[in-house]
Amino acid sequence: QVQLVESGGGLVQPGGSLRLSCSASGIHFNDYTMAWYRQPPGAQRELVARISSSFITWHADSVKGRFTISRDNAKNTVALQMNSLRPEDTAVYYCNAIRVSTVTVNYWGKGTLVTVSS
């Protein structure tokens, strides 16, 4: 059974930092591109950052220079370090695992809420 379990969300003041973590089980982690998405209140889900199986990273312009995605293949985890948080970063953050081959396989976590407010 595949599970992606996010942790690390919470309430933080503007300018603060949080570190989200996603623990994966039931997949061969090394084969998957891992990503973080977020869904702000009343808005669509958007891609925040991703890291490929070969550790190539991509970050959305809105978070570039503030957020950093990383992965630990030995621990089957992916993290999102979030610094200089802004109120507009408030959202439910979702972990995603995708493997593209002859059949595309895509898994989601249940999400963790990040609230940036004073």
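As the structure is a prediction and not an experimental result, all values here were calculated from the model.

**Q** Residues and numbers for the environment of phenylalanine 29, please.
**A** When you line up the elements, phenylalanine 29 lands in the loop between strand E3 (18–25) and strand E4 (33–39). A relative accessible area of 2% places phenylalanine 29 in the buried class. Between the alpha carbons of phenylalanine 29 and glycine 15 there is a distance of 33 Å; along the sequence they are 14 residues apart. What phenylalanine 29 contacts, discounting residues up to four positions off in sequence, is Ala24, Met34, Arg71, Asp72, Asn73, Asn76, Thr77 and Val78.

**Q** Any chance you could break down the packing of aromatic side chains for me, citing the residues and the numbers?
**A** Here the structure, examined in full by the defined rule, presents 2 aromatic pairs. A centroid spacing of 6.3 Å and a plane angle of 40° characterise the contact between tyrosine 32 and tyrosine 107, whose relative ring orientation is tilted. With tyrosine 32 in the loop between E3 and E4 and tyrosine 107 in strand E10 (residues 105–108), this residue pair connects regions lying 75 residues apart in the sequence. A relative accessible area of 27% means that tyrosine 107 is categorised as partly exposed. Above the face of the tyrosine 94 ring, arginine 45 is positioned so that its terminal group lies 3.7 Å from the ring centre.

Procedures and definitions
- Residues numbered from 1 in each chain as written.
- Predicted model: local features only at pLDDT ≥ 70, side-chain atom pairs only at ≥ 80, totals over all residues.
- Heavy atoms only, no water.
- Helix = DSSP H or I, 4+ residues; strand = E, 2+ residues; numbered from the N terminus.
- Buried < 20%, exposed > 50% of the residue type's maximum accessible area, 1.4 Å probe, protein only.
- Contact = heavy atoms within 4.5 Å.
- Phe/Tyr/Trp six-rings, centres within 6.5 Å; stacked < 30°, edge-to-face > 60°.
- Lys NZ or Arg CZ within 6 Å of the ring centre and 35° of its normal.

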